[in-house]
Amino acid sequence: MRPLDDCAEITSRLCADLAAEFGTPLFAYDATSLTGALTELRTALPPALEVFYSLKANPNLGVVATLAGAGARAEVSSLVELRTALLAGVSPADVIFLGPGKSAEELAACLDAGIYAVVVESFAELADLNRMAAHRGRRQRVLLRINPATAARGSRLTMGGKPRQFGIDEHEVLAAGDLPARHPALDLAGVHAYLGTRILDAADVVANTRQVLDLARRVAAATGIALDAVDVGGGLGVAYFPGEHDPDLDVLRAGLADAIAEFRRDHPATRLLLESGRYLTARAGLYLVGVRYVKTSMGQRFAVTDGGTHHHMAAVGIGSFVKRSFPTQLVGRDATGPTGPWQLTGPLCTPNDTVAKDAELPELARGDLLAIGRSGAYGPTASPGLFLSHGFPAEVLVRDGVAHLVRERDAPEELLGKQRLPTHLQERI
């Protein structure tokens, strides 16, 4: 697996040009690959399933606007993500808001923006939103997030089927009685369930979808809520490591077609939502780092780079028992000679700052440029960018051969500018 193979426009030569113009470390996103992934997924799904882009995977405004322009809806989980989706051109009618701990400000923003649905994750939140909607004289559409009694199949990170902060336990919802009557300011329009993430077996996605659709039927029958919409979650992953494979879209297409057709026979007007973040963005991104030093320590070769886990924590494989590396290659110059294992580390003062372990690479030297592939999801958004006060890197979006700066690199002045000295210390400095 080669990191540049996923990017339609970003070549090895262009990587060198980007590094020269914008510096390193740098995240580079390929617009053609972003829209191609969305087209690929929509082609594999039944037409009734709408794709909602999960901004948590990569909330960069340029990335969101690229996907929105190609027809993606938006799933958001914070006030800034909501504003990002709207700025990117997503219609409020195509936005849903998730999250187990929404603030009053966030709920108010949802009401004021008129988004399609708030995904409610507890009975207390349901009561809060009902009270706020009634105070505004509005009726807000709601989806109930359910924590199913049964866990997902094939998930690398299980979101349901066990004690979780997400959603309302299935047995509690089924025993709740007439929910619409107790929440007159809300339109209890359907069900949401997200069973797991980074699922690579398409058959597991199909099985999980069937489980959610069946759950939605049972919840509607028990509580009196409508089935105007069902969010089946998603969790479709991408392969990062040797031995893994991207989901088989033919299996996905055939299995979901049957599952959706069966559900639509009884519920022809129900809006069906599928969330996708990693699948749409991971393959379209590269993390470019420059080699500052090379050294050998106790028989192992190290390339100390200017980028690290403070920007790309996902590459470390947090929570994994076996540490494996994202696909990595030398770019910007032709490589000759044999390859061998290299430890790629960053500038942080911790031995955990290893972005690739035993990466098979040619002989490296100071000044070389490396590209870590499949890095378009959960890079800066899931990393401790302020560790050692380095700040976050620049981000660029390449479209039609032109690189657009879509996030400026954090500058020391900006990082210090938000800090304040206590008054009693100002006289001493």
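Residues numbered from 1 in each chain as written. Predicted model: local features only at pLDDT ≥ 70, side-chain atom pairs only at ≥ 80, totals over all residues. Heavy atoms only, no water.

Q: So what's going on with the pairing of strand E15 (residues 328-331)? Residues and values would help.
A: On any regular strand, side chains alternate: one points to one face of the sheet, the next to the other face. Burial along E15 is two-sided: Thr328 and Leu330 facing one way and Gln329 and Val331 facing the other are all buried. In this structure, E15 lies alongside strand E18 (residues 369-372), joined through four bridges in antiparallel fashion. Bridged to Val331 within E18 is Leu369. (Buried < 20%, exposed > 50% of the residue type's maximum accessible area, 1.4 Å probe, protein only. Helix = DSSP H or I, 4+ residues; strand = E, 2+ residues; numbered from the N terminus. Pairing = 2+ DSSP bridges.)

Q: Could you give me a rundown of helix H10 (residues 249-266), with the residues and numbers involved?
A: Compared with the 26 Å implied by 1.5 Å per residue over 18 residues, the 26 Å span of H10 between its first and last C-alpha is a close match. Every buried residue of H10 is accounted for by Leu249, Leu252, Gly255, Leu256, Ala259, Ile260 and Phe263. In an axial view of H10, the angular spread of the buried residues amounts to 135°, which keeps them on one side of the axis. Across from the buried face of H10, at angles greater than 90 degrees, the exposed residues are Asp250 and Arg265. Along its buried surface, H10 packs onto helix H2 (31-44), strand E2 (49-54), helix H9 (202-223), strand E11 (229-231), strand E12 (271-276) and helix H11 (278-281). Between the side-chain oxygen at the start of H10 and the backbone nitrogen of Asp250 there is a gap of 3.0 Å, and the oxygen is on Asp248. (Expected span 1.5 Å × (residues − 1). Arc of directions from axis to C-beta. Contact = heavy atoms within 4.5 Å. Polar contact = N/O pair within 3.5 Å; in protein donor to acceptor, adjacent residues only side chain to side chain.)

Q: Could you give me a rundown of the packing of H9 against H10, with the residues and numbers involved?
A: H10 packs onto H9 with a crossing angle of 10° between their chain directions and a minimal axis gap of 8 Å. Overall, the two elements H9 and H10 adopt an arrangement that is roughly parallel. As H9 runs across H10, the sense of the crossing is right-handed. The segment H9 lies against H10, with Ala202, Ala203, Val205, Val206, Thr209, Arg210, Leu213 and Arg217 engaging Val251, Leu252, Gly255, Leu256, Asp258, Ala259, Ile260, Glu262 and Phe263. The residue inventory of the contact of H9 with H10, partitioned by class, reads 11 nonpolar, two polar and four charged. (Axes fitted to C-alpha atoms, helices over the stretch in contact; angles between N-to-C directions. Parallel < 35°, antiparallel > 145°, perpendicular 65-115°, else oblique. Left-handed = near helix turned anticlockwise from the far one by under 90°. Nonpolar A, V, L, I, M, F, W, Y, C, P; charged D, E, K, R; others polar.)

Q: For the packing of aromatic side chains, give the residues involved together with the corresponding values.
A: Remark: the centre distance and the inter-plane angle together describe each pair of aromatic rings, the angle taken between the planes. Considering all chains together, one arrives at five aromatic pairs under this definition. Relative to Tyr29, the ring of Phe27 has its centre 6.4 Å away and its plane inclined at 20°; by these criteria the two rings are stacked. Residues Phe27 and Tyr29 agree in their burial class; the two are buried. For the ring pair Phe27 and Tyr287, a centre distance of 4.6 Å and an interplane angle of 25° mean the geometry is stacked. Residue Phe27 is located in strand E1 (residues 26-30), and its partner Tyr287 is located in strand E13 (residues 285-297); the two are separated by 260 residues in the primary sequence. (Phe/Tyr/Trp six-rings, centres within 6.5 Å; stacked < 30°, edge-to-face > 60°.)

Q: Can you tell me about the packing of H2 against helix H3 (residues 61-69), naming the residues and giving the values?
A: Contact geometry for H2 and H3: axes closest at 9 Å, N-to-C directions at 45°. One element, H2, and the other, H3, form an angle in the oblique class. Crossing angle aside, the handedness with which H2 passes H3 is right-handed. Contacts between H2 and H3 involve Ala31, Leu34, Thr35 and Leu38 from the former and Val63, Thr66 and Leu67 from the latter. Per-class residue counts for the contact of H2 with H3 are five nonpolar, two polar and no charged.

Q: So, the environment of Asn60: which residues are in play, and what are the values?
A: Note that Asn60 resides in the loop between E2 and H3. Discounting chain neighbours no more than four positions away, the residues touching Asn60 are Glu395, Val406 and Arg407.

Q: Please provide a residue-by-residue account of the pattern of salt bridges, values included.
A: Within the structure shown, the criterion is met by 22 salt bridges. Between Glu40 and Arg283 there is a salt bridge; the shortest N-O distance is 2.9 Å. Remark: Arg283 occurs in the loop between H11 and E13 and Glu40 occurs in helix H2; sequence separation between them is 243 residues. Judged by its relative accessible area of 13%, Arg283 is buried. Between Arg333 and Asp368 there is a salt bridge whose closest N-O contact spans 2.7 Å. Highlighted residues: Arg333 in the loop between E15 and strand E16 (339-345) and Asp368 in the loop between strand E17 (354-362) and E18, separated in sequence by 35 residues. Taking relative accessible area as the criterion, Arg333 reaches 35% and is therefore assigned partly exposed. Salt bridges sharing partners connect three or more residues here, namely Glu50, Arg73, Asp94 and Arg271. (Salt bridge = Lys/Arg side-chain N within 4 Å of Asp/Glu carboxyl O.)

Q: Tell me about the nonpolar core, residues and numbers included.
A: In terms of nonpolar packing, the biggest core is built from 100 residues, with Leu41, Tyr53, Val230, Leu252 and Leu344 touching the most fellow members. Looking at this core, the element that brings in the most residues is H9, giving nine residues. In contact with Tyr53, other than residues within four places in its own chain, are Asn58, Val63, Val64, Leu67, Ala72, Arg73, Ala74, Glu75, Ser276, Gly277, Leu280 and Thr281. (Core = buried A, V, L, I, M, F, W, Y, C linked by side-chain atoms within 4.5 Å.)

Q: I'd like a rundown of H9, residues and numbers included.
A: When the terminal C-alpha atoms of H9 are compared, their 32 Å separation across 22 residues agrees well with the 32 Å that a helix rising 1.5 Å per residue should span. Put simply, Asp201 is the residue that caps the front of H9, since its side-chain oxygen is 2.9 Å from the backbone nitrogen of Ala203. Gly224 occupies a position one or two residues after H9 and carries a positive phi of about 85°.

Geometric descriptors of this kind do not, in isolation, establish any biological role.
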